[in-house]
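As a plain string of letters, each chain reads:
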Amino acid sequence: QRIRSMFYHAYNSYLNNAFPYDELRPLTCDGQDTWGSFSLTLIDALDTLLVLGNRTEFQRVASLLQDTVDFDIDVNASVFETNIRVVGGLLSAHLLAGRAGMELEPGWPCSGPLLRMAQDAARKLLPAFETPTGMPYGTVNLMHGVSPTETPVTCTAGVGTFILEFAALSRLTGDPTFENAARRALTALWKTRSDIGLVGNHIDIVTKKWVAQDAGIGAGVDSYFEYLVKGAIMLEDEELLDMFRAYDRSIQNYTRFDDWYLWVQMHKGTVTMPVFQSLEAFWPGLQSLLGNLDSAARTFQNYYSVWRQFGGLPEFYSITQGYTVDKREGYPLRPELIESAMYLFRATGDHTYLQFGLDAVESIERIAKTPCGYASVKDLRDHQLDNRMESFFLAETVKYLYLLFDPAHFLHGGGTGGGESWEEGGDSGQCVLGAGGFIFNTEAHPLDPAALHCCSCHAQERQELRDILLSLSQPSSQSEQPASQTEDPPSSQSESIALKPGEKKTPPPLSCPVEPFSAHLSVLGQVFSDNT
């Protein structure tokens, strides 16, 4: 209940004071555009509304976004942030629309207005991938594409954090363009690793030269590793898992010391920065997904000790000095340690993680709460506040806290009333959706692997049927005809089916190429229709 109240205090403050701007400024009670001017906090918080059980507000906001958000604007947007927050948020909301009681299009989840919005947003990002290497630029203009003066230097995560959203889009819509772009970028990045198996922090996407050669698991790299693991799980893709396991061996060999992870030079493995960054706190949760619980728990305890020292995680913490690093003392209400606590509690049932969750609620309430929402902490040493509430506070921090304390939640695969834990979808309701195994993107937007499987199976079946029909309607002696001519074969084709001397007639694969599926069930002229 306390976490629910936190959410609504922040959410209502945004609606009352900041909408339609991207973010709330909680000290001055107004709004500002930060990532591209498309009401970012509202898109990011949409699925959290449903996680908290608020179906009516979810429906209202989903309709509002369809009417108000336009991606055809002259704005420079971060390719990475737009993907994880906007594309991820819309995809997740689309997949949860059935559970929210929204009116669904026939064939959902393979079609729907929120899916089309996600596709529009992702299409605006595709020009960034049109590079010699396939690795994307960091910024794109949503109307004009990549600026001729755009820097080719981008962070590792900005290259390798697309496979979840782009593969989900491709498999839901049947358009392979997105998944192909994400895979090409991943493959190019994989080939740039050093002789000791590490990647750096920033790369020139045109020349493939590493510009920042610090290797670690924190800022600039973090979600690349996360997406290799989660992509492997969601897509059942062993190649992605093999990539991660190769990286993990090098990370454990060169960067791990006493269950902390340091920054090292990517070619030599020598320590460059003995610091812990708050963004690294996702790592114990990721390790728990692979079953490495002992090392995950020990690393979590290291990070939790830093939280207890300050009431939050500073952006940088010097492991050798046991204190914050100059100009990196802030805590913008990041979710990563809470995320790891949620995964580890699910995996172990250890109440240490619930105790941490309670500490996190107490800290955020005591330090960051303002009359107008929750403010980022500018300095954890004296708890000065900053005039900003990032959209991830509602998308991730509150969501992971809530899910930590709700073990029977449908996102965990639980269901209070048996049949409520799953739903049907796809053509004629042939797919079982929402039965568990949700994968969270790096902005905590849950994606349902069952929906991807459902739509790609339908697409595959349709393609196979189309291929059979094409093969039947095309004479073997002639070259292939365009598909437009296959539906009504011209009469001249009758010559091709005349038997030559000595030839035997072979039965066609289908006796009637346009036979509807229900006709397969006919018995003595009786056809079973859908409602009998």
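Going by what an unreviewed UniProt entry lists, the protein is known as alpha-1,2-Mannosidase and is assigned to Ataeniobius toweri. Word for word, the UniProt comment on the protein under Sequence similarities (unreviewed entry) is "Belongs to the glycosyl hydrolase 47 family." Listed in UniProt under the heading Subcellular location (unreviewed entry), the comment for the protein reads: "Endoplasmic reticulum".

Participant: Got a minute to help me understand the sheet that holds strand S6 (residues 202-204) in this structure?
Facilitator: One key point about sheets: their strands pair by backbone hydrogen bonds, in either a parallel or an antiparallel sense. In spatial order, the strands read S5-S6-S7; together these three strands make up an open sheet with antiparallel pairing. Edge positions in the sheet fall to strand S5 (153-155) and strand S7 (210-212), since each has one partner strand and no second. The mean angle between the axes of side-by-side strands here comes to 35°, regardless of whether they run parallel or antiparallel. Across three bridges, the pairing between S5 and S6 is antiparallel. Residue pairing for S6: Cys155 is matched across the bridge by His202.

Participant: I keep staring at helix H15 (residues 392-404) and nothing clicks. Help me out?
Facilitator: Side chains of residues three or four places apart in an α-helix project in the same direction, reflecting 3.6 residues per turn. Here H15 spans 17 Å end to end across 13 residues, near enough to the 18 Å set by a 1.5 Å rise per residue. The buried fraction of H15 is high, at 13 of 13 residues.

Participant: Where do I start with the packing of helix H12 (residues 293-310) against helix H13 (residues 336-348) in this structure?
Facilitator: When two helices pack together, their arrangement is given by the angle between the helix axes and the distance between those axes. Taken N-terminus to C-terminus, the directions of H12 and H13 make an angle of 140°; their axes are 11 Å apart at the nearest point. The orientation of H12 relative to H13 falls into the category oblique. You can see that H12 and H13 cross each other, and the crossing is left-handed. On H13, the residues touching Leu293, Ala296, Phe300, Tyr303, Tyr304 and Trp307 of H12 are Leu337, Ser340, Ala341, Leu344, Ala347 and Thr348. For the contact of H12 with H13, the class distribution of residues is 10 nonpolar, two polar and no charged.

Participant: Help me understand unusual backbone geometry, please; the structure alone is not making it clear to me.
Facilitator: When glycine is set aside, most residues are seen to have a negative phi, and most peptide bonds are trans. The omega angle of the peptide bond from Phe19 to Pro20 is 10°, so this bond is cis rather than trans. Here Pro20 shows up in the loop between helix H1 (2-17) and strand S1 (23-25). Cis geometry is adopted by the peptide bond preceding Pro109, which originates at Trp108 and carries an omega value of 15°. If you check the backbone angles, Cys29 has positive phi at about 55° while not being a glycine. Mapping Cys29 onto the fold places it in the loop between S1 and strand S2 (30-32). Exposure remark for Cys29: the relative accessible area of 33% places this residue in the partly exposed category. Backbone geometry places Ala444, a non-glycine residue, at a positive phi of 65°. Mapped onto the secondary structure, Ala444 falls in the loop between strand S22 (439-440) and strand S23 (446-447). The class of Ala444 is buried, set by a relative accessible area of 0%.

Participant: Looking at this structure, how should I read the nonpolar core?
Facilitator: Across soluble globular proteins, nonpolar side chains show a tendency to be buried alongside one another. In terms of nonpolar packing, the biggest core is built from 160 residues, with Leu91, Tyr224, Phe225, Trp283, Phe356, Tyr374 and Phe393 touching the most fellow members. It is helix H4 (residues 79-96) that provides the largest number of residues to this core, a total of 10 residues. If we ignore the near neighbours within four places in the chain, the residues touching Tyr224 are Thr156, Ala157, Gly160, Thr161, Leu186, Leu189, Trp190, Val199 and Tyr247.

Participant: Mind showing me how you'd approach the packing of aromatic side chains here?
Facilitator: Two measures describe an aromatic ring pair: the distance that separates the ring centres and the angle between the ring planes. A full pass over the atoms with the stated rule returns 32 aromatic pairs. A centroid spacing of 6.2 Å and a plane angle of 20° characterise the contact between Trp260 and Tyr317, whose relative ring orientation is stacked. Here Trp260, found in strand S10 (residues 260-261), pairs with Tyr317, found in strand S14 (residues 316-318); they are 57 residues apart in sequence, far enough to count as distant. Considered together, Trp260 and Tyr317 belong to a single accessibility category, that of buried residues. Ring pairing ties together the aromatic residues Trp190, Tyr224, Phe225, Phe244, Tyr247, Tyr261, Phe282 and Trp283, which thus form one cluster. The ring of Phe410 is capped by Arg99, whose NZ or CZ atom sits 4.0 Å from the centre of that ring. We note Arg193 situated over the ring of Trp190; from NZ or CZ to the ring centre the distance is 3.6 Å.

Participant: When you look at the side chain of Asn141 in this model, what are you seeing that I'm missing?
Facilitator: Relative to the assigned elements, Asn141 resides in strand S4 (residues 139-141). Exposure remark for Asn141: the relative accessible area of 9% places this residue in the buried category. Here the side chain of Asn141 touches Asp74 through a polar contact of 2.8 Å, side chain to side chain.

Cut-offs and rules
- Residues numbered from 1 in each chain as written.
- Predicted model: local features only at pLDDT ≥ 70, side-chain atom pairs only at ≥ 80, totals over all residues.
- Heavy atoms only, no water.
- UniProt positions renumbered as here; feature names shortened; annotations may be inferred.
- Pairing = 2+ DSSP bridges.
- Helix = DSSP H or I, 4+ residues; strand = E, 2+ residues; numbered from the N terminus.
- Axes fitted to C-alpha atoms, helices over the stretch in contact; angles between N-to-C directions.
- Expected span 1.5 Å × (residues − 1).
- Buried < 20%, exposed > 50% of the residue type's maximum accessible area, 1.4 Å probe, protein only.
- Parallel < 35°, antiparallel > 145°, perpendicular 65-115°, else oblique.
- Left-handed = near helix turned anticlockwise from the far one by under 90°.
- Contact = heavy atoms within 4.5 Å.
- Nonpolar A, V, L, I, M, F, W, Y, C, P; charged D, E, K, R; others polar.
- Core = buried A, V, L, I, M, F, W, Y, C linked by side-chain atoms within 4.5 Å.
- Phe/Tyr/Trp six-rings, centres within 6.5 Å; stacked < 30°, edge-to-face > 60°.
- Lys NZ or Arg CZ within 6 Å of the ring centre and 35° of its normal.
- Polar contact = N/O pair within 3.5 Å; in protein donor to acceptor, adjacent residues only side chain to side chain.

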